Amino acid sequence: MTRLPPALLLIGALVVAATHLTATPALASPPDPPALSTINSELATIATKAETGSAGYSRDLFPHWSTQSGSCDTREIVLQRDGVDVVTSSTCSATSGNWYSVYDGAWNYASSDVDIDHVVALSEAWGSGASTWTTSKRQQFANSQSDGQLIAVTDNVNASKSDRDAAEWQPPLASYHCTYAKHVVHVKYGWGLSMDSAEKAAIKSMLATC
């Protein structure tokens, strides 16, 4: 019987071991926000003013989950972007996958447990300047995928946030506060939305953790 050299036996053992290791899925995520220096510059230009309130607001004024390609709407596109090993049906619905929620550090294994959060809530945007926009612009805002406005997160965490701003709600995972604040600033700056003094103070506090 031919004996293999020890070096080959070692290599073979390492290969077998590697194939049996269970790797932690890579964390997919929305676009990275700009550098802190850019965010601070953007924050300095955001107008500080009292919110106008939610009078006249309706989610219907922000048409969301628009069709993006074929039968894929915005929600399904973000589920695919932010998920790992996502499998979709012929109608683009996510039938399986893994989703890491950056807000609370939890993994979710069913799309029904995942919400797509508007980082700047639609009602918050309404009271910060979006009430003067056209419906078309509000639709673009509600479906924006390039600026960190949409993030796949655990559904009950998103429900706890509701329409509150950073002065009233912050992600349970403290290590995400820096990134969350950056996203809020970048979205509000990019869309010309204002902040009230309490929100701006909370944002500055979170940015101090960066």
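Small disclaimer: the values here were computed from a predicted structure and weren't measured.

(A) Structural context of the overall build of the protein chain. Helix and strand content of the protein chain: 8 helices and 7 strands. For the protein chain, the proportion of contacts with a sequence separation of at least 24, taken over those separated by at least 6, is 72%. If you sum the accessible surface of the protein chain, you get close to 10600 Å²; carbon and sulfur atoms cover 55% of it.

(B) Quick look at the state of the cysteines. Enumeration according to the criterion identifies 2 disulfides in this entry. Here Cys72 pairs with Cys92 through a disulfide, and the sulfurs are 1.9 Å apart. Taking the sign of the torsion about the S-S bond as the criterion, the disulfide between Cys72 and Cys92, at about 100°, is right-handed. Of this pair, Cys72 sits in strand E2 (residues 72-73) while Cys92 sits in the loop between strand E3 (83-88) and strand E4 (94-101), placing them 20 residues apart in sequence. For the pair Cys72 and Cys92, a shared accessibility class is recorded, and that class is buried. Across a sulfur-sulfur distance of 2.0 Å, Cys178 and Cys210 are joined as a disulfide pair. When the S-S torsion is 105°, as for the bridge of Cys178 with Cys210, the disulfide is right-handed.

(C) Region of the structure containing the environment of Ser128. Secondary-structure assignment places Ser128 in the loop between helix H4 (122-127) and helix H5 (135-142). Of the residues examined, Ser128 reaches a relative accessible area of 5% and is grouped as buried. Sequence spacing of Ser128 and Ala50 is 78 residues, and the spatial spacing of their C-alpha atoms is 8.1 Å. Apart from residues no more than four positions distant in its own chain, Ser128 is found in contact with Glu51, Lys188, Leu193 and Ser194. Separated by 3.2 Å, the side chains of Ser128 and Lys188 make a polar contact.

(D) View of the environment of Pro171. With respect to the helices, strands and loops of the structure, Pro171 is situated in the loop between helix H6 (155-161) and helix H7 (177-191). Since its relative accessible area comes to 2%, Pro171 is described here as buried. Taking the C-alpha atoms as reference points, Pro171 and Val102, separated by 69 residues in sequence, lie 8.3 Å from one another. Residues in contact with Pro171, not counting those within four places in the same chain, are Tyr103, Tyr176, His177 and Tyr180.

(E) Geometry of the side chain of Lys182. Along the chain, the position of Lys182 falls in helix H7. For the buried Lys182, which has no salt bridge, the nearest side chain bearing the opposite charge is Asp32, at an N-O separation of 8.8 Å. Dropping the residues within four chain positions of it, Lys182 is found in contact with Pro33, Pro34, Ala35, Leu36, Ile39, Leu207 and Cys210.

(F) View of the pattern of salt bridges. Scanning all chains against the criterion turns up 4 salt bridges. With a shortest N-O distance of 2.6 Å, Glu124 and Lys188 are connected by a salt bridge. Residue Glu124 is found in helix H4, and its partner Lys188 is found in helix H7; the two are separated by 64 residues along the sequence. Take Glu124 and Lys188: they sit in the same class, and that class is buried.

Procedures and definitions
Residues numbered from 1 in each chain as written. Predicted model: local features only at pLDDT ≥ 70, side-chain atom pairs only at ≥ 80, totals over all residues. Heavy atoms only, no water. Helix = DSSP H or I, 4+ residues; strand = E, 2+ residues; numbered from the N terminus. Contact = heavy atoms within 4.5 Å. Areas by Shrake-Rupley, 256 points an atom, 1.4 Å probe, with all protein chains shown as cover. Disulfide = S-S within 2.5 Å. Buried < 20%, exposed > 50% of the residue type's maximum accessible area, 1.4 Å probe, protein only. Polar contact = N/O pair within 3.5 Å; in protein donor to acceptor, adjacent residues only side chain to side chain. Lys, Arg positive; Asp, Glu negative; His and termini not counted. Salt bridge = Lys/Arg side-chain N within 4 Å of Asp/Glu carboxyl O.

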